[in-house]
Amino acid sequence: MGKTGLVLGGGAVRGLAHLGVLKAFERHGIRIDRIVGTSMGGAIGGLYAAGVSAGDIEQLLLSTPKYRLIDFGIRHRGLLAGNAVHNTINELLQRHGKHDLPIEQFPVEFKAIAVDLMIGKQVVLDQGDLGTVLRATTAFPGVFAPLMDGDQMLVDGGVLNNLPVEEALAEDTCFVIAVDVAREHEKKPPRNMVEVVYRSYSLMTAERKHASLKLADFVIRPDVGTFAAFDFTKSQECIKAGEDAAEQSIEELQRQIRIAKANHLIKGAGNK
């Protein structure tokens, strides 16, 4: 049976819409076999691939005080060192008995995308400790310090590839769903330095994102464009936007998945 892939892009707080999409998928029994994500999409996708439900991820995010996610790191090439995020993720995994489970043993295949600043190229992370991998893919330059791993200096994969659809494709994949939460054109002016940097990256990666979208079989676009990228007071609204967008397209999505799987079976039988 052909596999269904899910690609979750970066979008800061808007990326919380991915949780809403996953909640709707759970409700309607849509099974995901492979997840590829970057930035917030990588964080949510990684936890979900490990076997943590969308509801449990949501509860963690909404109940964790923001000060627990902050550890200042001016001397570490970023405003925040990033270790607190790593520790919070590991606490959740430990709570669900997933702390010692390497990515290659997850119930759902998972890949996170990062960028190595030392060579200026994309890096696919699909092995080892999830907390460390998510620390790398969420290391937004200038905000979170890069993750130093051997001779690599890893940062947020959205710097080069904010919607990594191509990385979800494989011979055994028959259907790929992409969730696009990034917005490169906004009428509201950036409120601070971080939002200026974030919007600049969004504009620089827009062309590649549009090319990636053409590779997906189905695209879900939650209505999150009115929310500032780093306004975490809108977390619940972003989650609901993802849930609403998925619900509106669920029947058509289920129909297309059924057709794709049937065609994959026919193709496989013909090749024998």
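Procedures and definitions
- Residues numbered from 1 in each chain as written.
- Predicted model: local features only at pLDDT ≥ 70, side-chain atom pairs only at ≥ 80, totals over all residues.
- Heavy atoms only, no water.
- Helix = DSSP H or I, 4+ residues; strand = E, 2+ residues; numbered from the N terminus.
- Buried < 20%, exposed > 50% of the residue type's maximum accessible area, 1.4 Å probe, protein only.

Naming follows an unreviewed UniProt entry, where the protein chain appears as NTE family protein of Paenibacillus jilunlii.

Undergrad: Looking at this structure, how should I read unusual backbone geometry?
TA: For residues besides glycine, phi is generally negative; the peptide bonds are generally trans as well. Of note in the backbone geometry, Ala12 takes a positive phi value of approximately 55 degrees without being a glycine. Residue position: Ala12 is located in the loop between β1 (3–8) and α1 (17–28). Phi is positive for Ser39, which is not a glycine, with a value near 60 degrees. Looking at the element boundaries, Ser39 is found in the loop between β2 (34–38) and α2 (40–50). When its relative accessible area of 11% is taken as the criterion, Ser39 is described as buried.

Undergrad: What am I meant to see in α2 here?
TA: The buried count for α2 comes to 11 of 11 residues, which makes it a mostly enclosed element. For α2, every residue scored as buried is listed here: Met40, Gly41, Gly42, Ala43, Ile44, Gly45, Gly46, Leu47, Tyr48, Ala49 and Ala50. Just beyond α2, the residue with positive phi is Gly51, at close to 110 degrees.

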